[in-house]
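# Remarks on the overall topology
Here are the chains, one letter per residue:
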Amino acid sequence: MSLWASFKNPEFFYVAILCLVTVLSYLKYTNKGKNPKGLMDAYDLVGPLKAQKVGIVLGLMQQINKIIFILGIIFVIIALARPQSKNELTSQSSEGIHIMMVLDISDSMLIEDMKPINRLESAKLRIKEFIEKRYNDYIGLVVFSGQSYTRIPLTLDYKLLLESLALVETSERLRKGTAIGMALANAVTRLEKVKGESKVVVLLTDGENNVGAIDPNTALEIAKQKDIRIYTVGIGKDGMAQLPIYRKFPNGMTQKFYRPMHSTVNEPLLKKMADDTGGKYFRATQSGKLSQVFAEIDRLEKVDVEIKKITQVHEHYQFWAFYGLVLLFLSQFINFIFIWRSL
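All values derive from a computational prediction rather than experimental measurement.

## Structural notes on the packing of helix α7 (residues 216-225) against helix α8 (residues 267-277)
- Relative to each other, α7 and α8 sit at 15°, their axes nearing to 10 Å. The pairing of α7 with α8 is recorded here as roughly parallel in orientation. Where α7 crosses over α8, the two elements pack in a sense that is right-handed. Residues Pro216, Asn217, Leu220 and Lys224 of α7 pack against Leu269, Lys272, Met273, Asp276 and Thr277 of α8.
- When its residues are assigned to classes, the contact of α7 with α8 shows four nonpolar, two polar and three charged.

As structure tokens, then:
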């Protein structure tokens, strides 16, 4: 930032031109044809040669004094023009949205029909991009296969959330299957405990509900009662697919092979969840499409951000006024010395 960004009273610079012309004319007139009295005294006392040296010194002092006087005038004029610098402080505030991401981690999410690797990694990548675009929103993460658990509760710590998301993978410890009802109920339970008008579930799955103690329609009714919007995303293509299987051998080596399986998304259920809660259903069969899905959700779930601008003004005239007066007093003191020697 420069020393000043603007002047409060710039009109003083027009006065400065007139003042400087007047001062320069006065100085030229008052010194025209005059020799310092000190020079005449020196001529009488020490002779022509030394008097010439003294005269040079005195003449130089007079010229320096003129410069000091002019600088003093300039500094005072700058002070009168009121140099200022301004800082604009911007603050943003919004109520924020509470969002629970619900991610299917059943074995079928390992099917390699979406980039960069498979359905799961594609979903994780798009969730990551979605989180990085949010501001002031509480976001949590629920994962599920045949069972469901909360991996990260609602938080503003996006760094922690993204670190946990990166480590998400299918697990042999969880029950096999796709428990959509259990996962939705888990997310709804997390959201109903928080205050706020905007509560959202984003549910991603590539299958249909086939296990779990809670029916999806039961969880849906609870979500409706709590005014929770549900965005559902069906991932992958329907039909026969190749599921990668990894076999480990005693020597530590791993062999990868594929097992055919039938993959189906329960679109009627996902559409019902979205329609009944004011959300939206999306189908993503490719990574690019999934990226568009999250861009659309990001657009739909934006809140109004209140922006306040506060301008801080800093005055800098004190510096110029102080040193301007010092220079003027110094100039007058030098003049006094010349006058005193002339007496």
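## Let's talk about the packing of aromatic side chains
- Inspection of every chain in the model, using the stated rule, returns five aromatic pairs.
- Between phenylalanine 75 and tryptophan 320 the ring centres are 4.9 Å apart and the planes differ by 70°, which places this aromatic pair in the edge-to-face class. Taken together, the residues span a long stretch of sequence, with phenylalanine 75 in helix α3 (residues 48-80) and tryptophan 320 in helix α10 (residues 317-342) at a distance of 245 residues. Side by side, phenylalanine 75 and tryptophan 320 carry an identical accessibility label, which is buried.
- Residues phenylalanine 322 and tyrosine 323 carry aromatic rings whose centres are separated by 4.9 Å and whose planes lie at 85° to one another, so their mutual orientation is edge-to-face.
- Note on tyrosine 323: relative accessible area 40%, which makes it partly exposed.
- Here the aromatic cluster, defined as three or more aromatic residues joined through ring pairs, consists of Phe75, Phe319, Trp320, Phe322 and Tyr323.

## Some details on the side chain of threonine 205
- Secondary-structure assignment places threonine 205 in strand β6 (residues 199-205).
- Polar contacts involving the side chain of threonine 205 include one to the main-chain amide nitrogen of glycine 207, which spans 3.2 Å.
- Beyond its immediate sequence surroundings of up to four residues, threonine 205 is in contact with Asp104, Phe144, Thr178, Ile180, Val233, Gly234, Ile235, Val265 and Leu270.

## A short note on the packing of helix α4 (residues 119-132) against helix α5 (residues 158-166)
- Packing of α4 against α5 brings their axes to within 10 Å, and their N-to-C directions diverge by 175°. Put simply, α4 runs roughly antiparallel to α5. Where α4 abuts α5, its residues Lys124, Ile127, Lys128, Ile131 and Glu132 lie against Tyr158, Leu161, Leu162, Leu165 and Ala166.
- Taken together, the residues that form the contact of α4 with α5 break down as seven nonpolar, no polar and three charged.

## What about α4?
- The end-to-end C-alpha distance of α4 is 20 Å, a good match for the 20 Å that 14 residues give at a rise of 1.5 Å each.
- For α4, the side-chain oxygen to backbone nitrogen distance between the N-cap and leucine 120 is 3.2 Å, and the N-cap itself is asparagine 118.

## Here's the deal with the pattern of salt bridges
- Overall, the coordinates contain 19 salt bridges when judged by the stated rule.
- In this structure, aspartate 137 engages arginine 134 in a salt bridge whose closest nitrogen and oxygen atoms are separated by 2.8 Å.
- What makes arginine 134 buried here is its relative accessible area of 6%.
- Between aspartate 276 and lysine 272 there is a salt bridge; the shortest N-O distance is 3.0 Å. With aspartate 276 and lysine 272 both in helix α8, this residue pair falls four residues apart, about one helical turn.

Rules used in this analysis
- Residues numbered from 1 in each chain as written.
- Predicted model: local features only at pLDDT ≥ 70, side-chain atom pairs only at ≥ 80, totals over all residues.
- Heavy atoms only, no water.
- Axes fitted to C-alpha atoms, helices over the stretch in contact; angles between N-to-C directions.
- Helix = DSSP H or I, 4+ residues; strand = E, 2+ residues; numbered from the N terminus.
- Parallel < 35°, antiparallel > 145°, perpendicular 65-115°, else oblique.
- Left-handed = near helix turned anticlockwise from the far one by under 90°.
- Contact = heavy atoms within 4.5 Å.
- Nonpolar A, V, L, I, M, F, W, Y, C, P; charged D, E, K, R; others polar.
- Phe/Tyr/Trp six-rings, centres within 6.5 Å; stacked < 30°, edge-to-face > 60°.
- Buried < 20%, exposed > 50% of the residue type's maximum accessible area, 1.4 Å probe, protein only.
- Polar contact = N/O pair within 3.5 Å; in protein donor to acceptor, adjacent residues only side chain to side chain.
- Expected span 1.5 Å × (residues − 1).
- Salt bridge = Lys/Arg side-chain N within 4 Å of Asp/Glu carboxyl O.

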